[in-house]
Amino acid sequence: MFLQGHYQNAYLTHDLDAAMALVNQRYGTRDWIVFEPDMVLKTPDGDRESSVRAALAWAGGLQLDLIQPTRGWHAHYLPMMAADKADPVPRFHHIAVRRDDLDAMRDEIDRLGLPLAFEGEVPGLVYIYLDARESLGHYLEYVWASPEGWEMIG
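An account of the accompanying structure is given in this report. (Residues numbered from 1 in each chain as written. Predicted model: local features only at pLDDT ≥ 70, side-chain atom pairs only at ≥ 80, totals over all residues. Heavy atoms only, no water.)

Considerations on the overall build of the protein
A tally of regular secondary structure across the protein gives three helices and nine strands. In the protein, the succession of α and β elements from N to C terminus is β-α-β-β-β-β-β-α-β-β-β-α. Here the protein has a C-alpha radius of gyration of 15 Å; the compact-globule value for 154 residues is 15 Å, and the two agree. On the principal axes, the C-alpha backbone points of the protein span a range of 40 × 30 × 30 Å. Out of the 154 residues belonging to the protein, those deemed buried represent 47%. The long-range fraction of contacts in the protein, counting pairs at least 24 apart against all pairs at least 6 apart in sequence, stands at 59%. Carbon and sulfur atoms form 52% of the exposed surface of the protein, whose accessible area is close to 8100 Å². (Helix = DSSP H or I, 4+ residues; strand = E, 2+ residues; numbered from the N terminus. Rg over C-alpha atoms; globule rule 2.2 N^0.38 Å. Buried < 20%, exposed > 50% of the residue type's maximum accessible area, 1.4 Å probe, protein only. Contact = heavy atoms within 4.5 Å. Areas by Shrake-Rupley, 256 points an atom, 1.4 Å probe, with all protein chains shown as cover.)

Next comes the structure, spelled out in structure tokens:
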């Protein structure tokens, strides 16, 4: 059950606009939703402020998420970013799985037993990142949203 509901692949970049152009040109992706959230993330070491520029687009049944860290805490991104800050090519970071029951999602996360990287929320949406690098080579994001939250992210 743990990977059922996979709906998103997420990538990191140093330049969101250039990364969107690369993906658009090569793969024909269009209609990006761009947003710039300022977040307070709950980490095992306490709350951390973080800001990113992010873009979401659909490729069939798969959502693409491009993320450009901008300010604040980004320890979970740095190991997977391109070493050259002038390199805009997106680098894989995580997959996201959708859950419709928040309590069941938290129970599932507990049973999975992976280390918590961080969690956060915005009205109508809770996201929890687990460190699955030792078994999958990347992070794993669990997402619960209200119907309005799912509509907000496309």
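Text resumes after the structure shown.
Some remarks on the packing of aromatic side chains
Inspection of the entire model under this criterion finds seven aromatic pairs. Summarising the aromatic geometry, the rings of Trp73 and Phe118 are spaced 6.1 Å apart at their centres and angled 85° between planes, so their arrangement reads as edge-to-face. Of this pair, Trp73 sits in the loop between strand 5 (62-72) and strand 6 (91-99) while Phe118 is found in strand 7 (residues 116-122), placing the two residues 45 residues apart along the sequence. A relative accessible area of 22% places Trp73 in the partly exposed class. Seen in terms of ring centroids, Phe118 and Tyr129 are 4.2 Å apart; in terms of plane orientation they differ by 20°. Their pairing is stacked. With Phe118 in strand 7 and Tyr129 in strand 8 (residues 125-132), this residue pair connects regions lying 11 residues apart in the sequence. As far as the burial class goes, Phe118 and Tyr129 line up, both buried. (Phe/Tyr/Trp six-rings, centres within 6.5 Å; stacked < 30°, edge-to-face > 60°.)

Describing the pairing of strand 3 (residues 38-43)
Of the two faces of strand 3, the one holding Met39, Leu41 and Thr43 is buried and the one holding Asp38, Val40 and Lys42 is not buried anywhere. Taken together, the six bridges between strand 3 and strand 4 (residues 46-59) define a ladder with antiparallel strand orientation. The residue of strand 4 that forms the bridge with Thr43 is Gly46. With antiparallel pairing between neighbouring strands as the criterion, strand 3 and strand 4 make up a hairpin whose turn holds two residues. (Pairing = 2+ DSSP bridges.)

Describing the side chain of Arg53
Position of Arg53 among the secondary structure elements: in strand 4. A polar atom in the side chain of Arg53 sits 3.4 Å from the side chain of Asp17. Polar side-chain contacts of Arg53 include one of 3.4 Å to the side chain of Glu36. (Polar contact = N/O pair within 3.5 Å; in protein donor to acceptor, adjacent residues only side chain to side chain.)

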